[in-house]
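# Architecture at a glance
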Amino acid sequence: MIVAPTPAALPELLYLHDPLCGWCYGMSPVINRVQTEFAGRVDVSVLCGGMAVGARATPIAETWGYTKNALLDVEKATGVQFGPAFKALAEEVRYVYDSEPPCRAIVAFRQLTHDPARAVAFAHAVQTALFRDGRDLNRAVTYEALLAEFGVDAADFQRCFVAPETARATQQEFAAVARIGVRGFPTSVLRLGGQGYVLARGYQPYEPLRQGLEQLLREAKV
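Residues numbered from 1 in each chain as written. Predicted model: local features only at pLDDT ≥ 70, side-chain atom pairs only at ≥ 80, totals over all residues. Heavy atoms only, no water.

Here we come to the pattern of salt bridges. The final tally for this structure, using the stated rule, is 8 salt bridges. For Glu-12, the salt bridge goes to Arg-191, with nearest N and O atoms at 2.3 Å. Of this pair, Glu-12 sits in strand β1 (residues 12-17) while Arg-191 sits in strand β5 (residues 187-192); the two residues are 179 residues apart in sequence, bridging distant segments of the chain. Residue classification places Arg-191 among the partly exposed positions, given a relative accessible area of 39%. In this structure, the salt-bridge partner of Glu-100 is Arg-104, at a minimum N-O distance of 2.8 Å. Taken together, the positions of Glu-100 and Arg-104, both in helix α4 (residues 100-113) and 4 residues apart, correspond to about one turn of that helix. (Salt bridge = Lys/Arg side-chain N within 4 Å of Asp/Glu carboxyl O. Helix = DSSP H or I, 4+ residues; strand = E, 2+ residues; numbered from the N terminus. Buried < 20%, exposed > 50% of the residue type's maximum accessible area, 1.4 Å probe, protein only.)

So this is what it looks like as C-alpha cells:
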C-alpha cells in the first residue's frame, strides 16, 4: 500500500490584536488581504491580547477626550471609518471598555469551528460591530447576531461562550500573547517552523507588509 506523504505545515502569520484596539480595526483589512493573496502559501491566525482587562477595563467615557482625537489619526492612516453609532456609544457614561467578552467570543468561535481562517473573519466582524455599528460587545446577543453569516448555531455559541473552560482558554491566550513579548497592538508575526519573525509592530499598509512577508518566505525557501 502506498501512503501519501503528510503535507508540510504552511508558514503561519500570527495576527496579535485586541478587539477594542482602533489601530487593529484599521489593520484587519490588511490582514484579510494577506489571507486572500497568500492563500496556499501562508496560514493566518488571530490571537487576542487582552488590552483592557481587569483593572484596565474602565468606562470609555473616562478617556474619550483623548481617544476621539486618536481615531482621526487611525482614519487618516488606514482608510477605515468609525461610525456615528460607535461615537454615541463611547459617550455613554456607563459603557465599560472591557476586552474580555469580545476576546472570549473569538475564542469560543474558534473552539466551535476549529477553523483559524474563519476566526480571522469573525474577529473583524466583531470589530465592525463595535466601531462601525456601535454594538455593545459586553452582551452575548451582539455576537449571536453575527453568527448566521458564519453558519454557527447561536445556542451552541451561547453554551461555549459562558462555559468556564472558555474563560480559562481566553486567559491562557492572553498569557501566551504576553509571553511572545508583544508590547502593543496590532503586531504581526510570521512563524516558520520553531522560529518567529516580527513583520510589523503597529499598523502597516499592505504593500510594505507584503514585501516583508515575501522576503522572509524567499529566505526560508518556501
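There is more to say, and it comes next.
The topology assignment puts Lys-68 in helix α2 (residues 64-78). The class for Lys-68 is partly exposed, based on a relative accessible area of 42%. Measuring from C-alpha to C-alpha, the distance between Lys-68 and Glu-91 comes to 9.9 Å, with 23 residues separating the pair along the chain.

This brings us to α2. Between its terminal C-alpha atoms α2 stretches 20 Å, which fits the 21 Å expected from 15 residues at 1.5 Å a residue. Those residues of α2 lying buried are Trp-64, Thr-67, Ala-70, Leu-71, Val-74, Glu-75 and Thr-78. Viewed end-on, α2 has its buried residues packed into an arc of 155 degrees, placing them on one side of the element. In α2, the exposed positions angled more than 90 degrees off the buried face are occupied by Tyr-66 and Lys-76. In this structure, the buried side of α2 is in contact with α1 (22-37) and α3 (84-90). A positive phi of about 90 degrees marks Gly-79, the residue just after α2. (Expected span 1.5 Å × (residues − 1). Arc of directions from axis to C-beta. Contact = heavy atoms within 4.5 Å.)

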